[in-house]
Amino acid sequence: GSRAKIAVLSRDSAIDPVGACVGMRGSRVQAVVNELQGEKIDIIQWSPDHATFIVNALAPAEVVKVVLDEDAQRIEVVVPDDQLSLAIGRRGQNVRLASQLTGWDIDILTEAEESERRQKEFQDRSKMFVDSLDVDDVIAHLLVTEGFSSVEEVAFVPVEDLTDIEGFDEDVAAELQARARNHLATREEEMDAKRKELGVEDDVAELEGMTATLMVALGENGIKSRDDLADLAGDELLEIAPSGSMNMDQANELIMAARAHWFADDEPAADAAAEDAAETVQ
């Protein structure tokens, strides 16, 4: 009705697909614009690389950085502060069309917003290590700076990943891993006790891929048995599960594991039916 985005490509490297569609001095595209009563048309080059394609689709806005989440089909785009309104477009039109064209959900942040968020993440992760491992701020900051984001990583990475940090020797690394594993064991016991209080049955805990934290989340949402879990759809389980703890494939696998006993229960009945049918034929 007012703006369109079109992705084009050429299989001939000698041909510029965008230029071919625009035409000499815009004559080709202008003819189309006139037929559509002045609709604006953005012609961008298609790319098999998702990040490049999305950056192209957000034109004319300038993009500084992108972060992709392949599982969720979501991309975070960072733009200069003065480019935010251009990237979003009037009434959100630019980013909405780019999202429809590429098939990705697009989140747009300014450089200032991203910097603020990163500082908060740094502080939150540092505090998490201070509380979980009973270490001082210096060690916590070093762990975060080196890319550690969870207690699980500290507990189970090769010890060399810790000793490579400046100021950490084998004794420090061993002590950090011991504290991390003790913390995880304690947390697992607490979560297991809580899921029992919530009435989540023991056979749910036996499912491959199940964690105590997930069972608590299930219990808090009234999912207490294998049958309750088996009745869920993948997207419903993702909404219940702690953020970032699983993707859609993992959710579906867990649900199918919960449904396995249904098919096992049906086997004797199916065998009996087959025997009855054989006797009838005889």
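Residues numbered from 1 in each chain as written. Predicted model: local features only at pLDDT ≥ 70, side-chain atom pairs only at ≥ 80, totals over all residues. Heavy atoms only, no water.

Asks: What is the right way to read the nonpolar core from this model?
Replies: General note: in soluble globular proteins, nonpolar side chains tend to be found buried as a group. Membership of the largest hydrophobic core comes to 23 residues, with the highest contact counts inside it found for Met 210, Leu 214, Leu 218, Leu 229, Leu 237 and Leu 254. Put simply, the parts of the chain that give this core at least two residues each are α12 (212–220), α13 (226–230), α14 (234–240) and α15 (248–281). Take this core: its biggest share by element is six residues, from α12. In this view, Leu 237 contacts Leu 214, Leu 218, Leu 229, Leu 232, Met 246, Ala 251, Leu 254 and Ile 255; residues no more than four positions away in its chain are not counted. (Core = buried A, V, L, I, M, F, W, Y, C linked by side-chain atoms within 4.5 Å. Buried < 20%, exposed > 50% of the residue type's maximum accessible area, 1.4 Å probe, protein only. Helix = DSSP H or I, 4+ residues; strand = E, 2+ residues; numbered from the N terminus. Contact = heavy atoms within 4.5 Å.)

Asks: I'm lost on helix α5 (residues 93–102) in this one. Help?
Replies: Along an α-helix, a turn takes 3.6 residues, which lines up residues three or four apart on a common side. Extensive coverage of α5 is indicated by the burial of seven of its 10 residues. All buried positions along α5 are accounted for by Gln 93, Asn 94, Val 95, Leu 97, Ala 98, Ser 99 and Thr 102. Next to the buried residues of α5 lie β1 (3–8), β2 (40–45), α3 (50–57), α4 (84–88) and β5 (105–110). Count one or two residues on from α5 and you reach Gly 103, which has phi positive near 80°.

Asks: For this particular structure, what's the right way to read a negative patch on the surface?
Replies: Together, Glu 146, Glu 160, Asp 161, Asp 164, Asp 169, Glu 170 and Asp 171 line one region of the surface with negative charge. Topologically, Glu 146 is positioned in the loop between α7 (137–145) and α8 (151–156). Glu 146 gets classed as partly exposed once you look at its relative accessible area, which sits at 48%. (Patch = residues over 30% accessible without salt bridge, like charges linked within 9 Å, V, L, I, M, F, W, Y side chains within 5 Å. Areas by Shrake-Rupley, 256 points an atom, 1.4 Å probe, with all protein chains shown as cover. Salt bridge = Lys/Arg side-chain N within 4 Å of Asp/Glu carboxyl O. Lys, Arg positive; Asp, Glu negative; His and termini not counted. Charge placed at Lys NZ, Arg CZ, Asp CG, Glu CD.)

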